[in-house]
Amino acid sequence: MTFRPLSVLRELQKSELNGAAQLLGRGMCDNPVNVRAFGIENRECRARAMSRFFLPVLEGIYRRGLVTGAFNETRLVGVCGMARPQSCQPGTMEKFRVLPKVVLGNPIVAPLRVLKWVGEWARRDPKEPHWHLGPVAVDSGFRGRGIGGVMLTRFCAAMDEKHELAYLETDKTENVEFYQRFGFSVIAEDKVLGINNWFMLRSPVGKTQ
């Protein structure tokens with residue numbers, strides 16, 4: 001496949017969230033916590049389950065923040081979600097919308113594991129106002145071409161302009177190194193579902209933590 005330069009990075013419309021959820025399902029189905037939480041061995045089946053899960057997640061972030069997409073011509077190749085300060089965590093109704101996507105068609109252990117995973121992340125959410133970054137993913141065929149860097153550069157520039165803190169969680173060592181290049185620092189490390197997780201915070205340029 002010939003790679004054409006990234007043509008646009010923009011906010012997604014609600015009608016585009018289904019495609020974004022499918023991309024996240026493909027792009028994040030091998031994340032260690034996702035593998036452990038859903039308990040599905042077959043990768044394609046796990047990707048479909050993750051896509052079902054991510055659709056209501058993105059719909060919630062769309063209401064509470066922004067979902068941006070990176071496009072290679074007309075093809076969506078990257079997704080970056082971000083929740084506004086004081087709106088990081090989903091409300092009760094939003095959780096009810098997600099739950100059926102975790103229950104239906106998945107192993108019986110999946111709902112409890114997902115609830116534990118989400119709960120462990122939620123209780124570590126910083127008390128100070130911050131933008132919550134994630135989910136972030138680049139489609140598998142377009143990785144290593146700077147698309148993730150473009151999305152993070154745009155996000156961090158916005159945080160610097162607004163003088164806002166940014167926070168994220170990750171379960172992949174290589175992601176820690178990636179985010180550190182953009183000014184994020186590890187503020188805690190712990191196991192979630194037996195998997196190492198890192199919790200990272202970024203102060204805007206010119207402001208100390």
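Refer to the preceding data block for the structure.
Attention here is on the structure that accompanies the text. (Residues numbered from 1 in each chain as written. Predicted model: local features only at pLDDT ≥ 70, side-chain atom pairs only at ≥ 80, totals over all residues. Heavy atoms only, no water.)

**Focus on the pattern of salt bridges**
Applied cut-off: Whenever a carboxyl oxygen of Asp or Glu lies within 4 Å of a side-chain nitrogen of Lys or Arg, that contact is scored as a salt bridge. Burial status follows relative accessibility: with a 1.4 Å probe on protein chains alone, a residue under 20% of its type maximum counts as buried, one over 50% as exposed, and anything between as partly exposed. To qualify as a helix, a DSSP run of H or I must reach at least 4 residues; to qualify as a strand, a run of E must reach at least 2; elements of each kind are numbered from the N terminus.
For the structure shown, the criterion picks out eleven salt bridges. R10 is paired through a salt bridge with E16; the nearest N and O atoms lie 2.6 Å apart. Accessibility expressed as a relative area gives 31% for R10, which makes it partly exposed. In this structure E16 comes out as partly exposed when scored by relative accessible area, which is 21%. The shortest N-O distance in the salt bridge between D30 and R46 comes to 2.9 Å. With D30 in the loop between α1 (17–28) and α2 (32–38) and R46 in helix α3 (residues 43–64), this residue pair connects regions lying 16 residues apart in the sequence. A network of salt bridges, in which partner residues are shared, links E120, R123, R124 and D190.

**Focus: helix α5 (residues 110–123)**
The following threshold applies: One less than the number of residues in a helix, times 1.5 Å, gives the span that helix is expected to have. Any two residues whose heavy atoms approach within 4.5 Å at even a single point are treated as in contact.
When the terminal C-alpha atoms of α5 are compared, their 20 Å separation across 14 residues agrees well with the 20 Å that a helix rising 1.5 Å per residue should span. Of the residues making up α5, those classed as buried are A110, P111, V114, W117, E120 and W121. In this fold, the buried residues of α5 make contact with α2, α3, α4 (92–103), β5 (166–170), β6 (185–192) and β7 (195–202).

**Here we look at the packing of α1 against α3**
Stated precisely, the cut-off is as follows: Helix axes are fitted only over the stretch in contact, all axes being lines through C-alpha atoms; the angle between N-to-C directions runs from 0 to 180 degrees. Angle categories: roughly parallel below 35 degrees, roughly antiparallel above 145, roughly perpendicular from 65 to 115, and oblique for all the rest. Two helices crossing with the near one rotated counterclockwise from the far one by less than a right angle form a left-handed crossing, whereas a clockwise rotation gives a right-handed crossing.
One way to put it is that α1 packs onto α3 with a least axis distance of 7 Å and a crossing angle of 135 degrees. Comparing their axes, α3 and α1 come out oblique. The two elements α1 and α3 cross, and the hand of that crossing is right-handed. Residues L17, N18, A20, A21, Q22, L24, G25, R26 and M28 of α1 pack against R43, A47, M50, S51, F54, L55, L58, E59 and Y62 of α3.

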